[in-house]
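Residue strings, one per chain:
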Amino acid sequence: EAHKRTVVNKGGVAAVVAALRSHPSCREVQRVGCNVLHSLASGDEAYMQAVVDAGGMKFLSVHAAELRQQAELRADAAMEALLAEDKAEKEWSVHKKKSKAQKKQRAASTKVQPPQRTLPLSASSQGSSVPASTMPWVTSDNTDTVVVVATDEP
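Residues numbered from 1 in each chain as written. Predicted model: local features only at pLDDT ≥ 70, side-chain atom pairs only at ≥ 80, totals over all residues. Heavy atoms only, no water.

A. Summary view of the overall build of the chain. When its secondary structure is counted, the chain shows 5 helices and 4 strands. When the helices and strands of the chain are read in sequence order from the N terminus, they spell out α-α-α-α-α-β-β-β-β. By the burial criterion, 15% of the 154 residues in the chain qualify as buried. Once local pairs closer than 6 in sequence are excluded, the contacts in the chain between residues at least 24 apart make up 39%. For the chain, the accessible area works out to roughly 12,100 Å², and carbon and sulfur atoms hold 57% of it. (Helix = DSSP H or I, 4+ residues; strand = E, 2+ residues; numbered from the N terminus. Buried < 20%, exposed > 50% of the residue type's maximum accessible area, 1.4 Å probe, protein only. Contact = heavy atoms within 4.5 Å. Areas by Shrake-Rupley, 256 points an atom, 1.4 Å probe, with all protein chains shown as cover.)

Right under this line is the structure:
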């Protein structure tokens, strides 16, 4: 508070407004000068009146409009980023679903070989079992029935 009083009492408000008028195209001078005026105008009523009397409100209103515009641009950019992210997530989800469906389709079209098992040979005189892998022309339908498959093999 004491610093604000010193700035106002020593003609600081007029100096800031003069700098703003002298450097209208310098963004940094405009930004810092408006921040100083805003800080002073937000305090005591006498400080606010000093900003008004020096012509500082014109700069504050322009600065406020620029800040609103910048905020709107940032909000628009943020919204575009969110929409792009949402679109990418949806596309990824569709890709994953398609990939999963293709994987299922490949699995369904691939013929799975039944496991090898020992089949009882009822024609055998001793009733012993022989591994089916030793007889490639014999397959099983997982019952007690033995099926002989005709092949070109001996």
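B. Representation of the environment of Val-51 within the structure. With respect to the element layout, Val-51 can be found in helix α4 (residues 45–53). Expressed as a C-alpha distance, the spacing of Val-51 and Val-8, which sit 43 residues apart in the sequence, is 8.7 Å. Those residues in contact with Val-51 that sit more than four places away from it in its chain are Val-13, Leu-37, Leu-40, Ala-41, Gly-56, Met-57 and Leu-60.

C. Main features of a nonpolar patch on the surface. On the surface, Met-48, Val-52 and Met-57 cluster together into a nonpolar patch covering about 240 Å² of accessible area. Within the secondary structure layout, Met-48 lies in helix α4. (Patch = residues over 30% accessible without salt bridge, like charges linked within 9 Å, V, L, I, M, F, W, Y side chains within 5 Å. Salt bridge = Lys/Arg side-chain N within 4 Å of Asp/Glu carboxyl O.)

D. The arrangement of the confidence of the model for the chain in detail. When pLDDT is averaged along the chain, the result is 77; 71% of the residues meet or exceed 70. The low-confidence segment residues 123–127 (pLDDT under 50) makes 1 contact with residues lying over four places distant or belonging to another chain. (pLDDT = per-residue confidence, 0-100.)

E. Local environment of the packing of aromatic side chains. On inspection of all chains with the given rule, the structure shows 0 aromatic pairs. We note Lys-58 situated over the ring of Phe-59; from NZ or CZ to the ring centre the distance is 5.4 Å. (Phe/Tyr/Trp six-rings, centres within 6.5 Å; stacked < 30°, edge-to-face > 60°. Lys NZ or Arg CZ within 6 Å of the ring centre and 35° of its normal.)

F. Inspection of the nonpolar core at higher detail. Formed by 13 residues in total, the largest nonpolar core has its most connected members in Val-13, Leu-20, Leu-37, Val-51 and Leu-60. Listing elements by their share of this core, those giving two or more residues are α2 (12–22), α3 (27–41), α4 and α5 (56–109). Beyond its immediate chain neighbours, meaning those up to four positions away, Leu-37 contacts Val-13, Val-16, Val-17, Leu-20, Val-51, Gly-56 and Leu-60. (Core = buried A, V, L, I, M, F, W, Y, C linked by side-chain atoms within 4.5 Å.)

G. Looking closely at the pattern of salt bridges. Tallied over the entire structure, the rule returns 2 salt bridges. In this structure, the salt-bridge partner of Arg-31 is Glu-28, at a minimum N-O distance of 2.6 Å. With Arg-31 and Glu-28 both in helix α3 and 3 residues apart, this pair spans about one turn of that helix.

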